[in-house]
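Fold and geometry: a report
This is what each chain is made of:
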Amino acid sequence: MVDVHALAAALDDAARDVRAIPKLTARTPLDVATAYAVQRAGIERRRRRASGSPG
């Protein structure tokens, strides 16, 4: 099972730190539905941070 929240966190952390990371698909096979789930989790993570809500 793919941990979409961990993948979203890895992408978000890399963006915040302005650093490159290896492709997510290099370590985890993703289908389209899972990729979109990672995207939604990343958007929600950024939205929570912007609103100041812890979770």
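Rules used throughout
Residues numbered from 1 in each chain as written. Predicted model: local features only at pLDDT ≥ 70, side-chain atom pairs only at ≥ 80, totals over all residues. Heavy atoms only, no water. Helix = DSSP H or I, 4+ residues; strand = E, 2+ residues; numbered from the N terminus. Expected span 1.5 Å × (residues − 1). Buried < 20%, exposed > 50% of the residue type's maximum accessible area, 1.4 Å probe, protein only. Arc of directions from axis to C-beta.

1. Some words on the environment of Ile-21
Considering the arrangement of structural elements, one finds Ile-21 in the loop between α1 (4-17) and α2 (32-51). The spatial distance from the C-alpha of Ile-21 to the C-alpha of Leu-11 is 7.9 Å, given a sequence separation of 10 residues.

2. Structural notes on α2
Here α2 spans 29 Å end to end across 20 residues, near enough to the 28 Å set by a 1.5 Å rise per residue. Among the residues of α2, Thr-34, Ala-37, Val-38, Ala-41 and Gly-42 are the ones counted as buried. Along the axis of α2, the buried positions cluster into a sector of 140°, meaning they face one direction only. Away from its buried face by more than 90 degrees, α2 exposes Val-32, Ala-33, Arg-40, Arg-47, Ala-50 and Ser-51. Downstream of α2 by a residue or two, Gly-52 has a phi angle that is positive, lying close to 80°.

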